[in-house]
Amino acid sequence: MSVGETTITIVGNLAGDPELRFTPSGAALVKFSVASTPRSYDKTSGQWQDGTAMFLRCTAWRDLAQHIAESLTKGMRVVVTGRLRQHNWDTPEGEKRSMLGLEVDDIGPSLRFATAKVERVQRNGAPSGPAADAWNTAAPAAGGWGTPAPTAPGGAKYSDEPPF
């Protein structure tokens, strides 16, 4: 991230299924829109009123793009963090146009009205097989942060519990 970039977090619903594509060099990218509609309570009518919906076009790259395409679908409520990008272009008629988009840094399902089951994925370059087992049971590093994690239910050698 560069100095002066505008980062935002938006909460809304996916307006459509994420569209996964690949660049000619093989890099994955996904595009999707998030719809965010403000609501306010009208005391005189005693009802909630919807404001004008905002649709923000989002783009994510590489592993994140593939995880989004595999995990999220139209209508899901999500929390998206990223950097605003302004795209400028000229129409065939010579008119100048611009659009704001969001380059996604992180995304997840909103758990306000839903539940989710998170599954870890093997990261590129991370050890797997016997090497992973040796890595997960390595001797502790100075300061205690490298303390081997206790065995999780089912025999897995990791834990989300803090080491203290």
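Presented here is an overview of the structure given in this document.

1. Details of the overall build of the protein
At step 1: Across its full length, the protein holds two helices and eight strands.
At step 2: Along the protein, helices (α) and strands (β) appear in the sequence β-β-β-β-β-β-α-β-β-α when read from the amino end.
At step 3: Each of the 164 residues in the protein was classed as buried or not, and the buried ones make up 20%.
At step 4: Residue pairs at least 24 apart in sequence account for 54% of intrachain contacts in the protein once pairs closer than 6 positions are excluded.

2. So, the nonpolar core
Across soluble globular proteins, nonpolar side chains have a tendency to be buried as a group.
At step 1: By size, the foremost hydrophobic cluster in this structure holds 17 residues, and its most contacted members are Phe 32, Val 34, Ile 68, Val 78, Val 80, Val 104 and Ile 107.
At step 2: Those elements giving two or more residues to this core turn out to be strand E1 (7-14), strand E3 (28-36), strand E6 (54-61), helix H1 (62-71), strand E7 (77-90) and strand E8 (96-109).
At step 3: Sort the elements by how many residues they give to this core and E3 lands first, with four residues.

3. Points about unusual backbone geometry
At step 1: The backbone phi angle of Arg 62 is positive, close to 55°, even though this residue is not glycine.
At step 2: Mapped onto the elements, Arg 62 comes out in helix H1.
At step 3: Under the relative-accessibility criterion, Arg 62 is labelled exposed at 55%.

4. Focus on the packing of aromatic side chains
At step 1: Enumeration over the complete set of coordinates arrives at one aromatic pair.
At step 2: Judged by centre distance (5.4 Å) and plane angle (65°), the rings of Tyr 41 and Trp 48 are edge-to-face.

Scoring rules and cut-offs
Residues numbered from 1 in each chain as written. Predicted model: local features only at pLDDT ≥ 70, side-chain atom pairs only at ≥ 80, totals over all residues. Heavy atoms only, no water. Helix = DSSP H or I, 4+ residues; strand = E, 2+ residues; numbered from the N terminus. Buried < 20%, exposed > 50% of the residue type's maximum accessible area, 1.4 Å probe, protein only. Contact = heavy atoms within 4.5 Å. Core = buried A, V, L, I, M, F, W, Y, C linked by side-chain atoms within 4.5 Å. Phe/Tyr/Trp six-rings, centres within 6.5 Å; stacked < 30°, edge-to-face > 60°.

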